[in-house]
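Working through the structure, step by step
Here is how the chains run, residue by residue.
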Amino acid sequence: MNATVTLDDLKTVDDLEDSRFAVPGMRCAGCISKIEKGLLDLPGVDSARVNFSTKQVAISHDPELTEDKLKTAIGQLGFEAQILADNPLSEDRGDTKRLLRALAVAGFGMMNIMLLSVSVWSGAMGVTKDLFHWLSALIAIPVIAYSGRPFFASAAMALRYLRTNMDVPISIGIILATGLSLYETATSGPHAYFDGVVMLIFFLLAGRVLDGMMRDRAREGISALLKQTAPGAMIIQSDGTTRWTKAEDIEAGMLMQVAAGDNLAADGIIIEGRSGFDFSMLTGESDPQNRTIDDEVLAGTTNLTAPVKVRVTAAGKDTSISDIARLMDEAGQHRSFHVRVADRAARYYAPAVHLLALLAFVGWMLAGVGWHQALLISVAVLIITCPCALGLAVPAAQVVASGTLMRNGVLVKDGSALERLAEADRVILDKTGTITMGHPVPLNLQQLSVEEKSIALALAQSSNHPISKAIAKSLVGENVSPAKIESVIEVVGKGVSAKWNGISVSLSRPSKGGDSAATQLTVGEVGQRIILKDALRPDSKATITKLFELGLPASLLSGDSMEAVTPIALQLGIMAQANAKPEDKVDTIKRLSAQGMKVLMVGDGLNDGPALAAAHVSIAPGSASDVGQQAADVVFTSDSMLPVALSVKVARRTMQTVRQNFGLAIGYNVLAVPLALSGMVTPLIAAIAMSTSSLIVVGNALRLYGAAK
Amino acid sequence: MSGLAVLIPVALFMGLCGLGFFFWAMRNDQFEDLEGASHRVLIDDEEVIPDDKTV
């Protein structure tokens, strides 16, 4: 609140701010201590803690120390860092933690009640048995009240909308069995089902926890990859001073000072300066576009070359990025109509089970055993048919499969994505950034001498131009060290020039022709052309063949011109549609869906976002824009395209396993239900049947471990 | 029977201790960075800890 506070003024007891950064480059203990100690040496940093598993660092610092400065500081320590948004996933993580706590409580209850039950089963009589039943009740009731909440809440929700899901029969079973067991205990009856009830809750919670952990793990990986739009901007105040303002506080009419290398936080019009802008986040097109006074620039783009002043025209929810986000939201609505396999099974399962239990009650009443005995039998039916194995069947298979995929560089956001992926029967591919690498790759660096390479690297490193970055990346990869150059000048739209040992050297204006670009490296009088091309991803052709064999014919759908798309389509031998705007992509997908096809969309750019959301299921490469990764169900991190085919294959294997698991669960019911109906199921038999069937289902799911081979 | 009066509370108490310990561990983020912990062992302590950093 005090604009005069300076960085050196460390005595201010301002509230500390927390920021998180993704640092994918850390690999060893040395990196941990280097980052933590290096950051602590920075004035204004209170604490820095590395999380090695997620490759993130959390920093607690003075609010004056902006995230950009911290990012630069991490950069100076030798690590590339990305700013992460205010932990958007903490809510979801909280969910899994709650489930895990419930699981722990259920586990505690289950073990203690089992101890007591074993002695009852082995013949404890009279007072001992009653005492043990009472003790069981004492443990079971708080445990059921605590650990059963997730089921009760979800069942209540379903019933409120007059629908039913897996949790309805579970909740009814739990409540009836608990109530009856209490009655049995109070009247010194022979059987109490507390052990069965708590065990049921334990197994079911295990399934939920697995499901939640899978989701969290993948989302964490994805959030670590996120490239963020600017969290704020330097706003020029009326008195001429600048002040860091958060993106949500920026309003139309304000003046932004945007330094070279910064991302824009809002849409606006340039009023001073000219510069090249990287629009790749919006268009997927990496070529920089020059913008000068009175030109419009958009939030999410990067200012590459020179500082500019921008008058904000739209901020926050009104920016172009937000418009696309809205389009995506609408396109994504239909996804919520996908019914998870487990819930689809529950639709038939729940009424069948309830009917069966009711029939058992009525039947035994008619047989004249009295209401108590009849109720006991129908509760036994409910417990034995409770979808223990069914509740584990789906998540166990999906967790093992997503773990397998993760080891192969594929992050699956949730189990429903695997289910939808297995159903896909058509592939639509974006071109730039998806089937191609999305950034130019230099083709003929081998023609340069060692000296020329080191000069080229030094020049390339002093520029933010995508072509310079591409050249620098390849040369660093070849272990070239940069030459010493002086008086570096970068002219927008022209290139970089400098002096090397008194000779003038330059990397000058790339000329664009066809789908390849080039740049001129000049050392003194000698010029060398470096040709760059946006190359196809490795294994693209093989992936398309594999997908075709799996029954998914592919076609290209690109926003690029016909001339750029045709050669790629010919090379891959697939159909292509060019000049497609984001709306056109959505329309194409809707048309195919209307014909009954389940479309798998593979895309990366912001312009693909709505299509990714509209498709039945979608995949994005790890190099994709922020929006692309958010919208996609699956993200693959490798350069190669093969993970696309692999994930379809694994998803199908997973669904096969899920069906086997359902088969096993049903087979178990076919054996156990007649026993329960005939009144022969004691708590002991229920306990054995439940744990055996659950173990078998989990064991079957574990076979998916090697599914990616 | 009299043994049970001691043993059952003891068993329950020990179980509750384990449960409490697990809750404590979760609340203290003990499971947040499992890989990092194995690496941190290898970090050498600095001989002199700078005074100004012991916040």
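Keep in mind it's a predicted model, so treat the numbers as computed, not measured.

Reading the values: the criteria
Residues numbered from 1 in each chain as written. Chains lettered and ligands numbered in written order. Predicted model: local features only at pLDDT ≥ 70, side-chain atom pairs only at ≥ 80, totals over all residues. Heavy atoms only, no water. Buried < 20%, exposed > 50% of the residue type's maximum accessible area, 1.4 Å probe, protein only. Helix = DSSP H or I, 4+ residues; strand = E, 2+ residues; numbered from the N terminus. Pairing = 2+ DSSP bridges. Contact = heavy atoms within 4.5 Å. Core = buried A, V, L, I, M, F, W, Y, C linked by side-chain atoms within 4.5 Å. Domains from an automatic or database assignment. Phe/Tyr/Trp six-rings, centres within 6.5 Å; stacked < 30°, edge-to-face > 60°. Lys NZ or Arg CZ within 6 Å of the ring centre and 35° of its normal. Patch = residues over 30% accessible without salt bridge, like charges linked within 9 Å, V, L, I, M, F, W, Y side chains within 5 Å. Areas by Shrake-Rupley, 256 points an atom, 1.4 Å probe, with all protein chains shown as cover. Salt bridge = Lys/Arg side-chain N within 4 Å of Asp/Glu carboxyl O. Lys, Arg positive; Asp, Glu negative; His and termini not counted. Charge placed at Lys NZ, Arg CZ, Asp CG, Glu CD.

Description of the pairing of strand S18 (residues 495–500) of chain A
Residues and elements named next belong to chain A. Covered by surrounding structure in S18 are Val496, Ala498 and Trp500 only, the residues Gly495, Ser497 and Lys499 on the alternate face being uncovered. Here strand S17 (residues 486–491) pairs with S18 via four bridges, running antiparallel. Pairing of Glu486 across the sheet is with Lys499, part of S18.

As for the sheet that holds strand S5 (residues 232–236) of chain A
Across a sheet, strands are paired by hydrogen bonds formed along the backbone, either parallel or antiparallel in direction. All names here are of chain A. Read across the open sheet, the six strands follow the order S6-S5-S7-S13-S8-S11; overall the sheet is antiparallel. Each edge of the open sheet is held by one strand with a lone partner, namely strand S6 (242–246) and strand S11 (296–297). Across four bridges, strand S7 (residues 255–258) lies against strand S13 (residues 308–314) in antiparallel orientation. When the sheet's bridge partners are listed, Leu255 is paired in S13 with Arg311.

Focus on the side chain of Lys129 of chain A
You can see Lys129 of chain A is positioned in helix H4 (residues 126–147). Discounting residues that sit within four places of it in the chain, Lys129 of chain A has contacts with Val120, Ala124, Ser188, Gly189 and Pro190 of chain A.

A short note on unusual backbone geometry
All names here are of chain A. A positive phi angle, close to 40°, is found at Ser487, a residue other than glycine. With respect to the element layout, Ser487 can be found in strand S17. Positioned with a positive phi, Asn501 is a non-glycine residue whose angle comes to about 50°. Inspection of the secondary structure assignment puts Asn501 in the loop between S18 and strand S19 (503–513).

Some points on the pairing of S7 of chain A
Residues and elements named next belong to chain A. Only one face of S7 is buried: it carries Met256 and Val258, and the other face, with Leu255 and Gln257, is open. Here S5 pairs with S7 via three bridges, running antiparallel. Across the sheet, residue Met234 finds its bridge partner in S7, namely Gln257.

With respect to the nonpolar core
All names here are of chain A. Counting 121 residues, the largest nonpolar core has Leu429 and Leu600 as the members making the most contacts within it. Mapped onto the domain boundaries, this core takes at least three residues apiece from domain 2 (93–218) and domain 4 (399–437 + 537–653). Not counting chain neighbours up to four residues away, the residues in contact with Leu429 comprise Ile435, Ile544, Ala554, Ser555, Leu556, Leu557, Ile574, Val602 and Met641. Formed by 25 residues, the second largest nonpolar core is a distinct cluster that contains Leu448, Ala470, Ile485 and Val505.

Examining the side chain of Ser693 of chain A
All names here are of chain A. Within the secondary structure, Ser693 is located in helix H23 (residues 683–702). Classification of Ser693 by relative accessible area gives buried; the value is 7%. Beyond its immediate chain neighbours, meaning those up to four positions away, Ser693 contacts Ala389 and Tyr668.

A closer look at the packing of aromatic side chains
Summed over the entire model, instances satisfying the criterion amount to four aromatic pairs over all chains. Looking at Arg407 of chain A, its charged tip hangs above the ring of Tyr705 of chain A, at a distance of 4.2 Å from the centre.

Some details on the domain arrangement of chain A
Per the domain assignment, the segments making up chain A are domain 1 (7–83), domain 2 (93–218), domain 3 (230–318) and domain 4 (399–437 + 537–653). One C-alpha centre belongs to domain 1 of chain A, the other to domain 2 of chain A; they are set 45 Å apart.

Thoughts on the sheet that holds strand S9 (residues 275–278) of chain A
Residues and elements named next belong to chain A. The three strands lie next to each other as S10-S9-S12, forming an open sheet whose pairing is antiparallel. Edge positions in the sheet fall to strand S10 (289–291) and strand S12 (302–303), since each has one partner strand and no second. Sheet analysis places S9 next to S12, joined by two bridges and oriented antiparallel. When the sheet's bridge partners are listed, Asp278 is paired in S12 with Thr302.

A closer look at the environment of Ala81 of chain A
All names here are of chain A. By secondary structure assignment, the location of Ala81 is in the loop between helix H2 (67–76) and strand S4 (82–84). Taking the C-alpha atoms as reference points, Ala81 and Ala665, separated by 584 residues in sequence, lie 48 Å from one another. Apart from the residues within four sequence positions on either side, Ala81 is in contact with Phe21, Ala22, Val23, Lys71 and Ile74.

A closer look at a positive patch on the surface
Residues and elements named next belong to chain A. A cluster of basic residues, Arg163, Arg344, Arg347 and Lys598, forms a positive patch on the protein surface. Residue placement: Arg347 occurs in helix H10 (residues 341–366). Residue Arg347 is classed as partly exposed on the basis of its relative accessible area of 45%.

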